[in-house]
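# Tertiary structure, described
In case you want the letters, here they are:
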Amino acid sequence: MAHRVTLIPGDGTGPELAQATRRVLEATGIEFDWDLQQAGADVMGEQGGNPLPDHVLESIQQNGVALKGPITTPVGTGFRSVNVALRKTLDLYGQVRPCKSYAGVRSRYSSVDLVVVRENTEDLYAGIEFEEGTEHAASLIDWVEHHGQGRIREGSGISLKPISISGSRRIVEFAFDYARKNGRRKVTAVHKANIMKFTDGLYLHVAQEVASENTDIEFDDRIVDNMCMQLVQRPEEYDVLVCPNLYGDIVSDLAAGMIGGLGMAPGGNFGEQAAIFEPTHGSAPKYAGQNKANPMAQMLSGVMMLRHLDEHEAADRVESAIADVIREGRSVTYDMKPSRDDPTAVGTSEVADAIIDKLGVRV
């Protein structure tokens, strides 16, 4: 039977990345029944300013699996984030961001193989904010002072940071399960419990409890600032990093920088009823329609999706083909050449052609 998958091309460079990835996945011989759904900046006008129409959510809920291109997030104003809305609405609490070195990618590191597991629904990204100058912000400032917590400076915007026992437990359990299923040796909990004792402190305490129930996998913990330093100095000592929401976002970008940048960083978002696979990078709207964007992160997200669908042989073939194309260095985009103005750089679709050729399929 064909796999029924929601395909969300996104906006900016998303549609061309999604199309290239679709071609590669289909070249494996695995059958897909794509449920094409539009979301993002390109549909806001016809959806009353909503970049995430209800029918898109319904499609993901029905199919259980989605492959998504990048979608633009406005900075400072407007709709908060389609990505955040998807994660919250569908309760996609676990994000997985593998960061793996591939021979041929320009980087200061050559043997990084990390997985960042990020809690997706709590922490400062829960979106509980109070705008500066509003009655609600003023009331909260008064409440905090009244309860003996000091006076928040006037003219402050305020964000709340909820971290729960249940949310912490399920993401740490997810990290241990992921480690076990994928032959990983160690889980490291990342936190700032030395300062935020009732939020990060709770998270660390729960992580330690879960670790005591999963003694077949090694466990340790690191304060987030120290974690960043140690990743730069000796990444080989770490394996699976499980993080609250904000730290996971930051640490995964740091790790992506160690493997050559966001163009090589895939991602998956997992819940009990659905999973969405998407690259870590943004939509790069200034390059839209130019056939220039690097499709590797989108394609590696497709590899993650294949493994989720238990199509492991096909996933290994695609990853191997991607690695071959990168190692040879001929059919890659400008950002993966020794010089960004290298005239031998190819476009997004040509990268797909080269990978399909490696899969043994005539283009």
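Summarised in this report is the structure supplied together with it. (Residues numbered from 1 in each chain as written. Predicted model: local features only at pLDDT ≥ 70, side-chain atom pairs only at ≥ 80, totals over all residues. Heavy atoms only, no water.)

### A closer look at the side chain of Asn-294
As for its placement among the helices and strands, Asn-294 is situated in the loop between strand E12 (275–279) and helix H9 (296–308). When its relative accessible area of 8% is taken as the criterion, Asn-294 is described as buried. Here the side chain of Asn-294 touches Met-296 through a polar contact of 2.9 Å, landing on its backbone nitrogen. In this view, Asn-294 contacts Leu-17, Gly-263, His-281, Thr-333, Asp-335 and Met-336; residues no more than four positions away in its chain are not counted. (Helix = DSSP H or I, 4+ residues; strand = E, 2+ residues; numbered from the N terminus. Buried < 20%, exposed > 50% of the residue type's maximum accessible area, 1.4 Å probe, protein only. Polar contact = N/O pair within 3.5 Å; in protein donor to acceptor, adjacent residues only side chain to side chain. Contact = heavy atoms within 4.5 Å.)

### Focus: the layout of surface pockets
A volume near 890 Å³ is recorded for the largest pocket. As for the largest pocket, its lining consists of 31 residues, and the residues nearest its centre are Val-96, Tyr-178, Asn-182, Phe-270 and Met-304. At the level of secondary structure, the elements contributing two or more residues to the lining of the largest pocket comprise strand E4 (94–100), strand E5 (113–119), helix H5 (165–181), strand E11 (266–270), H9 and helix H10 (312–328). Considering each element in turn, the lining of the largest pocket owes the most residues, six residues, to H5. Partitioned by chemical class, the residues of the lining of the largest pocket number 15 nonpolar, five polar and 11 charged. (1 Å grid on protein atoms, 1.4 Å probe; cavity = no way out; pocket = protein on both sides within 12 Å on 5 of 7 lines; lining within 4 Å. Points joined across faces, edges and corners; volume = space filled by probe spheres on them. Nonpolar A, V, L, I, M, F, W, Y, C, P; charged D, E, K, R; others polar.)

### A short note on the sheet that holds strand E9 (residues 218–223)
Spatially, 10 strands are ordered E2-E1-E3-E12-E11-E4-E5-E10-E8-E9 in an open sheet, and the strand pairing comes out mixed. The open sheet is flanked by strand E2 (32–36) and E9, the only strands paired with a single partner. Each strand axis lies, on average, 25 degrees off the axis of its neighbour in the sheet, ignoring direction. Pairing between E11 and E12: five bridges, direction antiparallel. Considered in E12, the bridge of Pro-266 is made with Pro-279. (Pairing = 2+ DSSP bridges. Axes fitted to C-alpha atoms, helices over the stretch in contact; angles between N-to-C directions.)

### Notes on the packing of H10 against helix H11 (residues 348–358)
Running from N to C, H10 and H11 cross one another at 120 degrees; their axes reach a closest spacing of 8 Å. Taken together, H10 and H11 sit at an angle that is classed as oblique. Considering how the two elements wind past one another, H10 and H11 form a crossing that is right-handed. Listed contacts from H11 to Ala-321, Ile-322, Asp-324, Val-325 and Glu-328 of H10 are Ala-354, Ile-355 and Lys-358. Looking at the contact of H10 with H11 residue by residue, the classes come out as five nonpolar, no polar and three charged. (Parallel < 35°, antiparallel > 145°, perpendicular 65-115°, else oblique. Left-handed = near helix turned anticlockwise from the far one by under 90°.)

### As for helix H8 (residues 245–258)
The end-to-end C-alpha distance of H8 is 20 Å, a good match for the 20 Å that 14 residues give at a rise of 1.5 Å each. Those residues of H8 that are buried lie in contact with E4, E5, strand E8 (186–191), helix H6 (200–212), helix H7 (224–233) and strand E10 (240–243). Just past H8, the residue Gly-260 takes up positive phi, approximately 115 degrees. (Expected span 1.5 Å × (residues − 1).)

### Quick word on the pattern of salt bridges
For the coordinates displayed, the defined rule picks out 33 salt bridges. With its nearest N and O atoms 3.5 Å apart, the salt bridge here joins Asp-249 to Arg-97. One end of the pair, Asp-249, is in helix H8; the other, Arg-97, is in strand E4, with 152 residues separating them in the sequence. Judged by its relative accessible area of 8%, Arg-97 falls in the buried class. Where Arg-151 meets Glu-145, a salt bridge forms, and the shortest distance between an N and an O atom there is 2.6 Å. Residue Arg-151 is classed as partly exposed on the basis of its relative accessible area, which comes to 41%. (Salt bridge = Lys/Arg side-chain N within 4 Å of Asp/Glu carboxyl O.)

### Details of empty space enclosed by the protein
Inspection of the entire model under this criterion finds two cavities of 30 Å³ or more. By volume, the largest cavity is sized at about 50 Å³. The greatest single-element share of the lining of the largest cavity, amounting to three residues, is contributed by H5. In terms of residue class, the lining of the largest cavity is built from four nonpolar, three polar and three charged. Of the pockets and cavities examined, the second largest cavity occupies roughly 30 Å³. Lys-68, Asn-83, Leu-86, Arg-87, Leu-92, Asn-269, Ile-276 and Glu-278 are the residues that line the second largest cavity. Of all the secondary structure elements, the ones that give two or more residues to the lining of the second largest cavity are helix H3 (82–89) and E12. Among the elements that take part in the lining of the second largest cavity, H3 stands out by supplying three residues, more than any other.

### Some details on the environment of Val-242
Position of Val-242 among the secondary structure elements: in strand E10. On a C-alpha basis, the gap between Val-242 and Glu-119 in space is 7.8 Å, while along the polypeptide they are 123 residues apart. In contact with Val-242, not counting residues within four places along its chain, are Val-117, Ile-171, Val-172, Ala-175, Val-187, Thr-188, Ala-189, Val-190 and Tyr-203.

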